[in-house]
Amino acid sequence: MDQTESTASNLIFAVNGARFELSSFDPSTTLLEFLRTRTRFKSVKLSCGEGGCGACVVLLSKYDPTLGQVEDHAVSSCLTLLGSVNGCSITTSEGLGNSKDGFHPIHQRFAGFHASQCGFCTPGMCVSLFSALVNAEKTNRPEPPLGLSKLTTWEAEKAIAGNLCRCTGYRPIADACKSFAANVDMEDLGINSFWRKGETDEVKLSRLPFYSGPKNQICTYPEFLKGECQTVMHLDSKQNSWHCPRTIEELQSMLELHMAGNGTRSKLVFGNTGTGYYKDEQDYDKYIDLRHVSQLSLIRRDHAGIEIGATVTISKAILALKEEFKGESDMLFHKIADHMEKIASGFVRNSASVGGNLVMAQRNYFPSDIATVLLAVGSTVNIMTGRRHEKLSLEEFLAGPPLDSRSLLFSVHIPCMGAIQNGFSAETGSRLLFETYRAAPRPLGNALPFLNAAFMADVSFSKTGVLVSKIQLAFGAYGTKHPIRARKAEECIAGNVLTVALLYEAVTLVRETVIPEDGTSRPAYRSSLAVSFLFRFLWPLVDSGAQIFKDGLDGCTDALMERTLALKNDNNDFGRIGNLEFLSSAKQLVESSREYNPVGEPITKSGAAIQASGEAVFVDDIPSPTDCLHGAFIYSTKPLARIKDVNYKSDPLPDGVADVISFRDIPGGGENIGTKSIFGTELLFADDCTTYAGQRLAFVVAETQKRADVAAGAAVVSYDTESLGSPILTVEEAVERSSFFEVPSFLYPTQVGDFSKGMAEAEHKILSAEIKLGSQYYFYMETQTALAVPDEDNCMVVYSSLQSPENAHTVIARCLGIPEHNIRVITRRVGGGFGGKAIRAIPVATACALAAHKLRRPVRIYLNRKTDMIMAGGRHPMKITYSVGFKSNGKITALHLDILINAGISADISPIMPRNMLGTLKKYDWGALSFDIKVCKTNHSSKSAMRAPGEVQASFIAEAIIEHVASTLSIDVDVVRNHNFHSFDSLNLFYEGCAGEPTEYTLPFIWDKLAMSSSFDQRIQMIKCFNTGNSWRKKGISRVPIVHPVQIRATPGKVSILKDGSVVVEVGGIELGQGLWTKVKQMTAFALSAIQCHGTDELLEKVRVIQADSLSLIQGGFTAGSTTSEASCEAVRLCCNILVERLAPLKRKLQEQMGSVVWDILILQAHLQAVNLSASSYFVPDFTSMEYLNYGAAVSEVEVNLLTGETTVLQADLIYDCG
Ligand SMILES: Cc1cc2nc3c(=O)[nH]c(=O)nc-3n(C[C@H](O)[C@H](O)[C@H](O)COP(=O)(O)OP(=O)(O)OC[C@H]3O[C@@H](n4cnc5c(N)ncnc54)[C@H](O)[C@@H]3O)c2cc1C
Ligand code: FES
Ligand code: FES
């Protein structure tokens, strides 16, 4: 927006230094929505839309005119409401640097450390790191060495906690971050494209893109906004429905208006992060922004404790609790702060308020950590209703009726230790103990707790042990409406000396109290956590008390107390208590040879820097063409039902909806087809009957994505199930009803040996053991997306994020009933596919094409995460029953497997599963191997390719059987593995036709090498020692081999040399983040350099790989199975060979004339002399090289906390032979 004369009532803010002024806006608009649809800054990506992934992180800067200071915080723009950025400045990754003005060293280092694969998460990561750098520079720490920052390595790694990456793995990302840290050890940084092995630390530092402090380079808060920020606070509420009371009186008047009950629907709002958990689809007449009421953001301290205003952010509360209270109070507040640091991620805590959290806990029964922790210390809350203030204990508040919209949480008061102890009327010599606990799927970063707890006890020594005079036990988040105090257990303990019997009694009472409500997941685990935590809190006291008694010491001396407390705090056997250690490190050894230079060199990934700056264009970043509409799917919620009607309560269509497309809109000559694989097709839309929950019923097309999503959600579908029978929901039902997909015989794997004979040789047998494996969602960061643009003469161009443009091309043409040459499918890059965009992306592209075809307008879609999860399908669940025979030494003589694969409703790629599974399962010599595998057709969404489909499950099954045999025989599992390793002969038998030559069977070598390099045997001994010395923490180590049959598919390629000597390459494969384009570039440079003229050593810079276009290069096939790079490179090599052959005579001629030839001259001459400088090829692997075996092995060391189930991978070592 151009600079205009500002009026105080307008919304004014800056984005990357540019001024924006809006006179009106929809108050439910998020910052992300605004940035992505109304600005050119597309680096802010929408992935989860719930504050849970960090793809949308921006730096939000505020100016305090009184202090003259700028506050900079990373926040998630998907939750931040646009109205709340009034007077703020926003910096996105593009604002840090870009391809035109120069990249920021953060971008360059992310690129050089190979920290960006698909790149969808990278801009958010860069901003999170930038925020950490900016704030570190503000500290008064000593000046760092040149090129580094004031960050510590610990902070650098923590900077990206909460930012999800689904491709790269965090080690290279952490390396990129740590490369900025003042205390970085260059040796610890992994493989990168900056330096070569063996260079000194000084040289390494000098090779890093130079960093001179963020403030020197980027102004996060522009000067012009400083002048305006005092006037911009007050928005014109009449225009915007966004109200910003500036005083408590103004706020009270607004709340009183409510009390008058005038029927307006209004919402108090601060960080709006609550919508990350509770989707708020209501329309409000009024948003009341609490951020300008200064009384609500105060932090007051007195002798009794600390009062935290409701709008104090969790981040600020942590700082206040940590910094302000020293000495006695230190411990309590510090522990509360430590616990708060495990809530969400930094970019959520920076905008989430303490008040918002408590209100959600009270009103919505949110599983809050803050509520539990503050309950244990006896906090109180101040509630304001109209002008009336009421003080309640937190316990009363939580248990009371839900806070209504006329009331406000004003503040919360946390008593300090002194005040608490007085309240306990403790005896002299007593000590207050306080601990908080939390178990969640991940220790840090956006995982809500299974259960949290906080305990406080006043203890002193008596002759017989530790006397607990008073104790408060709070438990929450375990499937309860609000946190509770375990009163019975408290009463049982209080006033007594701790003994084993008392502890047992207390634990029993807690088990009876902490009972998750019906429908809560993992109820038994949650209850056991409650017991474990209490045990962990009290056991050291029971223990030390007993010891004191035994030693015959009497009295409660301070020294003894100190010893006991130290024992309690340091009791490592229970696992980590304080802050979690973040730092990770890794070493990679990659052997490469210069023989094929630059093939195999660890060069920077093609496009990595533009991925980091956010300039890389994903499908949803393509600007909308004029008149573009947006689509959303209405899907079935029944597994089997007739569809009577799809309708809206409001008739006709809701506002902004252009049409609702269904199977009835398939044009004459077209087909209702949504996917296609070699095994069959799937409907685009259900016709009269839906056959699985999540099936596409219709496609709402509306003016904006938001309207389309809302309209799809508001559709009312009437079903009728009469006389339809029951759906098939389990594999057992599928077997009963013989509901299977056929597996073509050429794909069905071969059995080995004679199972009955093998069983007869066995000395031990395990019969009919069962394994059940569940499904898994893809969680690509970029959800399914497409844009269809009608073109002249009944043509259609479809931009789609998918792994198989060729198949989508065919499906779209068949659906629209037009020739294939009318369709063009373009895919430039994919924000993570993992198999989920091979088949499952096709209906998304086809629905857009169908709508665009009917309405003659461009139509696009970006699926919201929920719909994507419901429709995606994912990994195949399965049930395995096995019988295995073996000798006493662990040698397996026979294995039989019955495998029932739940494939869902359509064949998709499922008939390939038996072959994939057995390819991996045969990694051991099972003696005789027989199996019966059924691919079951059920009334579920179709399961599809998902990251090593079948292979992951098969590897798990094989290892589970090996472990089972070892535990049955009570022998070491490694002994069983070693006994069942393939000899080359048995390998040949199991992998007939693809075992290669004996020298190519490198697995035994890898196996031994890995044992050496990982110090496997020594670590086994160390672990045995550790386990003997620790009751509650146990370590384990395991070494596992892998054999992977690689299958190469036919692939096209095209290489063209332009007049200036630059080269453009097309391949059938899709850049999914795996680095396909980089490898293709390397191969092109290598293969063209065979012409042997000057300048070819710079060819790498001259090569550009361009987007896949299904008309320009046909027969592209699938990008899957980890072989596309190999095949595409071979196709390109063939093209280059043709070009070199064509150029060779001219080169010889020029050489004779000129002595030496330079690449650019050669190419210019070739153009002048009409040499055909474009070559295409179709690489078809010959039968002998189509399939071969890859080997690898890995060692993992893990630690399990027996009390909580928490598992930590301590170290992983792997060796992979990629041939
Ligand atoms: C990804 C993610 C992970 C999270 N993980 C955790 C976790 O592990 N543990 C945990 O405890 N919490 C967690 N949270 C919750 C988080 O702490 C809360 O969302 C946040 O504190 C709410 O504050 P807010 O300012 O954003 O509230 P808002 O979203 O602005 O408001 C939330 C609700 O409270 C009302 N409200 C807000 N302030 C007041 C007030 N002063 N008086 C009356 N009503 C008010 C609003 O009207 C709204 O209904 C997580 C949140 C997210 C998004
Ligand atoms: S955190 Fe905003 S999209 Fe995930
Ligand atoms: S690179 Fe991180 S999600 Fe793909």
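Residues numbered from 1 in each chain as written. Chains lettered and ligands numbered in written order. Predicted model: local features only at pLDDT ≥ 70, side-chain atom pairs only at ≥ 80, totals over all residues. Heavy atoms only, no water.

### Concerning the overall build of the chain
Quick note on the threshold: The numbering of helices and of strands both runs from the N terminus, where a helix is a DSSP run of H or I of at least 4 residues and a strand a run of E of at least 2. With the radius of gyration taken over C-alpha atoms, the globule rule is written as 2.2 Å times the number of residues to the power 0.38. Burial classes follow relative accessibility: with a 1.4 Å probe on protein chains only, a residue under 20% of its type's maximum area counts as buried, one over 50% as exposed, and anything between as partly exposed. Whether two residues are in contact is decided by their heavy atoms, any of which lying within 4.5 Å being enough. Accessibility throughout is a Shrake-Rupley quantity obtained with a 1.4 Å probe, and a residue counts as covered only by protein chains that appear here. A positive count includes Lys and Arg, and a negative count includes Asp and Glu. His and the chain ends are not counted in either. For this purpose, a charge sits on NZ of Lys, CZ of Arg, CG of Asp or CD of Glu.
Scanning the chain for helices and strands turns up 39 helices and 43 strands. Here the chain has a C-alpha radius of gyration of 33 Å; the compact-globule value for 1219 residues is 33 Å, and the two agree. Taken over the C-alpha atoms alone, the chain extends approximately 100 × 85 × 80 Å along its principal axes. For the chain, buried positions account for 57% of its 1219 residues. Summarising the internal contacts of the chain: among those between residues at least 6 apart in sequence, 76% fall at separations of at least 24. Surface accessibility of the chain: about 49400 Å² in total, with carbon and sulfur atoms responsible for 53%. With 118 positive and 132 negative side-chain charges, the chain shows a separation of 1 Å between the mean positions of the two kinds.

### Topic: the side chain of K286
On the secondary structure map, K286 appears in strand 8 (residues 286-289). K286 has contacts with S241, H243, L257, R265, S266 and K267, leaving out every residue within four places of it along the chain.

### Observations concerning the nonpolar core
Put simply, the rule reads: In this description, a nonpolar core means a group of buried Ala, Val, Leu, Ile, Met, Phe, Trp, Tyr and Cys residues linked to one another through side-chain atoms lying within 4.5 Å.
Formed by 102 residues in total, the largest nonpolar core has its most connected members in F110 and I336. Ranked by residue count, the leading element in this core is helix 4 (residues 122-137), at nine residues. Residue contacts for F110: discarding those within four places in its chain leaves A115, S116, T122, M125, C126, L129, I173, A176, C177 and A612. Residues V884, L895, L897 and L1189 belong to the second largest nonpolar core, which totals 68 residues.

### Remarks on the UniProt feature "binding site: substrate" (unreviewed entry) in the chain
We count it as follows: UniProt positions are given in the numbering used here, feature names are shortened, and annotations may be inferred rather than shown by experiment.
UniProt records the feature "binding site: substrate" (unreviewed entry) for R915 in the present numbering. Looking at the secondary structure, you find R915 in helix 30 (residues 913-921). In contact with R915, not counting residues within four places along its chain, are F746, L747, P749, Q1047 and E1187.

### A word on the sheet that holds strand 1 (residues 11-15)
So the rule is basically this: In short, DSSP must find at least two bridges between two strands for them to pair. Note on geometry: axes are lines fitted to C-alpha atoms, helical ones only across the stretch in contact, with angles between N-to-C directions running from 0 to 180 degrees.
In space, the five strands of this open sheet follow the order 2-1-5-3-4, with mixed pairing throughout. Strand pairing shows two members of the sheet lacking a second neighbour, strand 2 (18-22) and strand 4 (69-76), which therefore form its edges. Geometrically, the sheet is characterised by an average inter-axis angle of 25° between neighbouring strands, direction not taken into account. Taken together, the two bridges between strand 1 and strand 5 (residues 89-91) define a ladder with parallel strand orientation.

### Details of a negative patch on the surface
Keep this limit in mind: Patch criteria: residues need more than 30% relative accessible area and no salt bridge. Like-charged residues are merged within 9 Å; nonpolar side chains of Val, Leu, Ile, Met, Phe, Trp and Tyr are merged within 5 Å. By salt bridge we mean one thing: a side-chain nitrogen of Lys or Arg within 4 Å of a carboxyl oxygen of Asp or Glu.
Where like charges cluster on the molecular surface, the negative patch consists of D185, D188, D201 and E202. Judged by relative accessible area, which is 37%, D185 ranks as partly exposed.

### Some thoughts on the environment of I90
Tracing the chain through its elements places I90 in strand 5. What makes I90 buried here is its relative accessible area of 0%. For the pair formed by I90 and I666, sequence separation is 576 residues and the distance between their alpha carbons is 45 Å.

### What to know about unusual backbone geometry
Across the junction of N597 and P598, the peptide omega takes the value 5°, indicating a cis bond. Positive phi, normally seen in glycine, also occurs at Y365, with a value near 60°. Considering the arrangement of structural elements, one finds Y365 in the loop between helix 15 (354-363) and helix 16 (369-376).

### Quick notes on the sheet that holds strand 27 (residues 740-741)
Strands sit in the order 27-35-34-33-28 across an open sheet of five strands; the sheet is mixed. This sheet does not close on itself; its edge strands, each paired only once, are strand 27 and strand 28 (764-773). Summarising the sheet, strand 28 and strand 33 (residues 878-886) pair through eight bridges and their orientation is antiparallel. The residue of strand 33 that forms the bridge with E770 is T881. Its contacts with the sheet put helix 30 on strand 33, strand 34 (892-902) and strand 35 (928-936), and the angle it makes with strand 35 is roughly 150°. In this fold helix 31 (residues 951-969) packs onto strand 28, strand 33 and strand 34, with an angle of close to 140° to the strand it touches most, strand 28.

### Comments concerning the UniProt feature "binding site: Mo-molybdopterin" (unreviewed entry) in the chain
The feature "binding site: Mo-molybdopterin" (unreviewed entry), as given by UniProt, occupies Q803, F834, R947 and G1121 in the numbering adopted here. A compact arrangement is adopted by the annotated residues: their sequence extent is 319 residues, whereas the largest C-alpha distance between any two is 12.9 Å. Along the chain, the position of F834 falls in the loop between strand 31 (823-827) and helix 28 (842-855). Taking the relative accessible area as the measure of exposure, F834 reaches 13% and is therefore buried. Once you skip the residues sitting within four places of it in the chain, F834 turns out to touch R166, C167, Y778, F779, Y780, Q803, A945, M946 and R947. Tracing the sequence through the fold places R947 in the loop between strand 35 and helix 31. What R947 contacts, discounting residues up to four positions off in sequence, is R166, C167, F834, R875 and V952.

### A look at the site of ligand 1
We count it as follows: If a single non-hydrogen atom of a residue is within 4 Å of a molecule or strand, that residue counts as near it. We define a polar contact as two N or O atoms separated by no more than 3.5 Å, with the added condition that, inside protein, one atom must be a possible hydrogen donor and the other a possible acceptor, whereas residues neighbouring each other in sequence contribute only through side-chain atom pairs. Any residue that is not Ala, Val, Leu, Ile, Met, Phe, Trp, Tyr, Cys, Pro, Asp, Glu, Lys or Arg is counted as polar, Gly included; the first ten are nonpolar and the last four charged.
The local shell around ligand 1 holds 37 residues, among which L268, T273, S353, D369 and R438 are the closest. Take L409: an N or O atom from its main chain is 2.9 Å from a nitrogen atom of ligand 1. Isolated, ligand 1 exposes 980 Å² of accessible area, and the fraction of that covered by the protein chains is 95%. Elements supplying a minimum of two residues to the shell around ligand 1: strand 7 (266-269), helix 15, helix 16 and strand 13 (407-415). The leading source of residues in the shell around ligand 1 is helix 15, at five residues. The residue inventory of the shell around ligand 1, partitioned by class, reads 20 nonpolar, 12 polar and five charged.

### Points about the packing of helix 30 against helix 31
Quick reminder of the rule: Between 65 and 115 degrees an angle is taken as roughly perpendicular, under 35 as roughly parallel, over 145 as roughly antiparallel, and anywhere else as oblique. Each crossing gets its handedness from the near helix: less than a right angle anticlockwise from the far helix is left-handed, clockwise is right-handed.
At a minimum axis distance of 8 Å, the contact between helix 30 and helix 31 shows a crossing angle of 40°. With respect to their mutual orientation, helix 30 and helix 31 come out oblique. The element helix 30 and its partner helix 31 pack so that their crossing is right-handed. Contacts between helix 30 and helix 31 involve M913, N916, M917, T920 and L921 from the former and E951, Q953, A954, S955 and I957 from the latter. Residues belonging to the contact of helix 30 with helix 31 are distributed by class as follows: five nonpolar, four polar and one charged.

### Structural notes on the packing of aromatic side chains
Threshold: Centres within 6.5 Å make a pair out of two Phe, Tyr or Trp rings, where for Trp the six-membered ring is used; the pair is then stacked when the planes are under 30 degrees apart, edge-to-face when over 60, and tilted otherwise. Throughout this description, the term charge over a ring refers to an Arg CZ or Lys NZ atom that lies within 6 Å of the ring centre and within 35 degrees of the ring normal.
All chains considered together, the criterion is met by 30 aromatic pairs. Measuring from centroid to centroid gives 4.8 Å for Y277 and F366, while their planes differ by 85°, and the two rings are edge-to-face. Taken together, the positions of Y277 in the loop between strand 7 and strand 8 and F366 in the loop between helix 15 and helix 16 put the pair 89 residues apart, joining distant regions of the chain. Ring-pair connections join several aromatic residues into one group, and the members of that group are Y437, F455, F475, F533 and F537. Against the face of F1026 rests K1035, its NZ or CZ located 4.2 Å from the ring centre. Here the basic side chain of R1039 rests over the ring of W1007, its NZ or CZ set 3.9 Å away from the ring centre.

### What to know about a nonpolar patch on the surface
A cluster of nonpolar side chains, namely M1154, V1158 and I1161, defines an oily patch on the protein surface of about 230 Å² accessible area. As for its position among the elements, I1161 is in helix 39 (residues 1159-1168). Relative accessible area serves as the criterion here: at 37%, I1161 is assigned to the partly exposed category.

### Regarding the pairing of strand 16 (residues 465-476)
Most of strand 16 sits out of view: 10 of its 12 residues are buried. For strand 15 (residues 451-462) and strand 16, the ladder comprises 11 bridges, and the chain directions are antiparallel. Bridge pairing in strand 16 places V459 opposite V468. Here strand 15 folds back onto strand 16, and the loop between the two strands holds two residues. Across two bridges, the pairing between strand 16 and strand 18 (residues 496-497) is antiparallel. Considered in strand 18, the bridge of L467 is made with V497. Pairing of strand 16 with strand 17 (residues 484-485) involves two bridges; the strand directions are antiparallel. Paired with F475 across the two strands is I484, which belongs to strand 17.

### Digging into the pairing of strand 29 (residues 785-791)
Relative to strand 32 (residues 859-862), strand 29 is paired through four bridges, and the arrangement is antiparallel. Counterpart to A788 in the pairing with strand 32 is V859. Inspection of the sheet shows strand 29 paired to strand 30 (residues 795-800) by six bridges, in the antiparallel sense. In the strand pairing of strand 30, P790 is matched with M796.

### Some thoughts on the pattern of salt bridges
Inspection of the entire model under this criterion finds 57 salt bridges. Across the pair R642 and D720 runs a salt bridge whose closest N-O atoms are separated by 3.3 Å. Residue R642 is located in strand 20 (residues 641-647), and its partner D720 is located in strand 26 (residues 716-720); the two are separated by 78 residues in the primary sequence. Given a relative accessible area of 29%, R642 falls into the partly exposed group. D720 gets classed as partly exposed once you look at its relative accessible area, which sits at 22%.

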